[in-house]
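Spelled out, the chains give:
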Amino acid sequence: MMVPKLRFKGFSKNWYSNKLENIFSFKNGLNASKEMYGNGIKFINVLDIINNDKITFDTIQESVQATDEQISSYQVKQGDILFQRSSETREEVGQANVYADTNPVLFGGFVIRGRPLVKLNSAFINYQLKTDILRKDLTQRSGGSTRYNIGQESLGKVTAFFPELEEQNKIADFLSSIDKKIALLNKQYVLLNLYKKGAMQKIFCQEIFFKDDKEDKFSQWSELVLGNVFEQRTERAFGDEELLSISINGGIQKFDETVRKNNSSYDKSNYLRVYCGDIAYNSMRMWQGASGVSSFDGIVSPAYTVLKGNSKHSSIFFSYMFKTDKMIFEFQKHSQGLTSDTWNLKYAQLKTIKVKVPCLQEQLKISHFLSSIDHKLTLKKEELDKLKIWKQGLLQQMFV
């Protein structure tokens, strides 16, 4: 028996425990060959489980050609729970999701289907399967070395907790309403990102023009090479500077504020100094957009290149330019190496790249405009993250 810390008024009965083997009948999915993919009936894979709050017909990406016998045997119905059967990390094994649609679909070989044997709210158990206590139970039952797996028998030994159906419905409806708010915020965030990307495309293709304070157009953009804008900064670390990290989406961040594992060398004497306003980039991933302008002083690995701009240009403007598709292509074209795994863009190659740029005043106007969009994106992301954290906190209290 169990009583959760947080529950709705009007409910006071204890929750009863039961093993999943008494709640579901389990079945492994269809091992589809390459030739089966491309069209036919929709087919639930692992990514559908881990990338969605719930699985619907429209969220499923893959389709396969299947026989009538396969369709009959591997069909997923509304209310079925799908489990991730295998993963490279123990932490991801057994992730679950619910199929919330009525259209028939199939499920793949790296998935286990759980079909309810008793009357229950499938959305309720789907939320409970995402709590820390059940995730720990699931992952501890997985086995393997280079790849981790969980089988039907192990899955069936996991213990879940159940109130009366009316309380299950209440909890599921409440958490579903939070998911709808999260989905709305996420949609707004995605649309704002698309707006920014479209605006950047038009700005740097000179389809959008900015005006000066007198409402006159600025002068024509002029061509120059990046070596006329940036010189390479090669100052070495003193030893006590803050370590910085560069990513494709996050730009330059303080390493302590990221979730990445620290693989940096203890001896940082060869690390490069970065000053506020410098642009730093990952020499082997510049063709993927791994660059950013720094908002603080610090150091980066010697695998990075640091660019010091001159006073005639805005580094922030160039940090946006470096993210455009056209510039990414130029970086790829000038990178050296036989394969994408070894492509490397050093300063010697970067400084020869030709670009068209506006005058400093227009650079500053463009930078301010795009920075204002980034500020809105940051606020929207913070709002989204807070709601997700709040929901996760509720899960732990409503199911423990």
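Everything below is about the structure shown above.
Residues numbered from 1 in each chain as written. Predicted model: local features only at pLDDT ≥ 70, side-chain atom pairs only at ≥ 80, totals over all residues. Heavy atoms only, no water.

A. Up close: the sheet that holds strand S9 (residues 105-107). Spatial strand order, S4-S3-S9-S5: 4 strands in an open sheet with mixed pairing. Strands at the two margins of the open sheet, each flanked by one partner only, are strand S4 (62-64) and strand S5 (75-76). Here strand S3 (residues 37-44) pairs with S4 via 4 bridges, running antiparallel. Directly across from Ile41, in S4, lies its bridge partner Val64. (Pairing = 2+ DSSP bridges. Helix = DSSP H or I, 4+ residues; strand = E, 2+ residues; numbered from the N terminus.)

B. Inspection of unusual backbone geometry at higher detail. Of note in the backbone geometry, Gln206 takes a positive phi value of approximately 60° without being a glycine. With respect to the secondary-structure elements, Gln206 resides in the loop between helix H6 (165-204) and strand S14 (222-225). Unlike most non-glycine residues, Glu215 shows phi in positive territory, near 65°. One can find Glu215 in the loop between H6 and S14.

C. A look at a nonpolar patch on the surface. Nonpolar side chains collect at one region of the surface, where Val190, Leu191 and Leu194 lie side by side and expose about 270 Å² of accessible area between them. Looking at where Leu191 falls in the secondary structure, it is placed in helix H6. (Patch = residues over 30% accessible without salt bridge, like charges linked within 9 Å, V, L, I, M, F, W, Y side chains within 5 Å. Areas by Shrake-Rupley, 256 points an atom, 1.4 Å probe, with all protein chains shown as cover. Salt bridge = Lys/Arg side-chain N within 4 Å of Asp/Glu carboxyl O.)

D. The arrangement of the pattern of salt bridges in detail. The final tally for this structure, using the stated rule, is 14 salt bridges. Here Asp213 ties to Lys365 by a salt bridge, and the two come within 3.8 Å at their closest N and O atoms. Of the two residues, Asp213 sits in the loop between H6 and S14 while Lys365 sits in helix H10 (residues 360-398), which places them 152 residues apart along the sequence. Between Glu235 and Arg233 there is a salt bridge, and its shortest N-O distance comes to 2.8 Å. Through salt bridges with shared partners, one network takes in Arg233, Glu235 and Asp278.

E. Here's a closer look at H6. Helix length check: H6, at 40 residues, gives a terminal C-alpha distance of 58 Å against a target of 58 Å (1.5 Å per residue), a fit within 8%. Positioned one or two residues after H6, Gln206 has a phi angle of 60°, which is positive. (Expected span 1.5 Å × (residues − 1).)

F. Fine view of the packing of H6 against H10. In contact at an axis separation of 10 Å, H6 and H10 are set at 165° when each is read in the N-to-C sense. As far as their axial angle goes, H10 and H6 are roughly antiparallel. Where H6 crosses over H10, the two elements pack in a sense that is left-handed. (Axes fitted to C-alpha atoms, helices over the stretch in contact; angles between N-to-C directions. Parallel < 35°, antiparallel > 145°, perpendicular 65-115°, else oblique. Left-handed = near helix turned anticlockwise from the far one by under 90°.)

G. Expanded view of the side chain of Asn97. Tracing the chain through its elements places Asn97 in strand S8 (residues 96-98). Among the polar contacts made by the side chain of Asn97, one reaches the main-chain carbonyl oxygen of Ile49 at a distance of 2.9 Å. Those residues in contact with Asn97 that lie beyond four places of it in its chain are Asp48, Ile49, Asn52, Asp53, Lys54, Ile55, Asp80, Ile81, Leu82, Asn126 and Lys130. (Polar contact = N/O pair within 3.5 Å; in protein donor to acceptor, adjacent residues only side chain to side chain. Contact = heavy atoms within 4.5 Å.)

H. Quick peek at the sheet that holds strand S11 (residues 143-144). Strand order across the open sheet formed by 3 strands is S7-S12-S11, with antiparallel pairing between neighbours. Edge positions in the sheet fall to strand S7 (86-87) and S11, since each of these pairs with one other strand and no more. Bridge analysis of S7 against strand S12 (residues 148-149) gives 2 bridges, and the strand direction is antiparallel. Following the sheet pairing, Ser87 is matched in S12 by Tyr148.

I. Fine view of the environment of Ser315. When you line up the elements, Ser315 lands in helix H7 (residues 315-321). For the pair Ser315 and Asp278, spaced 37 residues apart in sequence, the C-alpha separation works out to 7.0 Å.

J. Inspection of the layout of surface pockets at higher detail. The space that makes up the largest pocket amounts to roughly 1,500 Å³. Contributing to the lining of the largest pocket are 39 residues, with Lys196, Asn249, Gly250, Gly251 and Asp374 lying nearest its centre. Looking at the lining of the largest pocket, the elements with two or more residues in it are H6, strand S17 (251-254), strand S20 (291-293), H7, helix H8 (325-334) and H10. The element that contributes the greatest number of residues to the lining of the largest pocket is H10, accounting for 8 residues. Residue classes in the lining of the largest pocket are distributed as 12 nonpolar, 18 polar and 9 charged. A volume near 940 Å³ is recorded for the second largest pocket. Forming the walls of the second largest pocket are 30 residues, and the residues nearest its centre are Asn52, Asp53, Lys54, Asp179 and Lys391. Going through the elements one at a time, helix H3 (122-128), helix H4 (132-140), H6 and H10 are the ones with two or more residues in the lining of the second largest pocket. (1 Å grid on protein atoms, 1.4 Å probe; cavity = no way out; pocket = protein on both sides within 12 Å on 5 of 7 lines; lining within 4 Å. Points joined across faces, edges and corners; volume = space filled by probe spheres on them. Nonpolar A, V, L, I, M, F, W, Y, C, P; charged D, E, K, R; others polar.)

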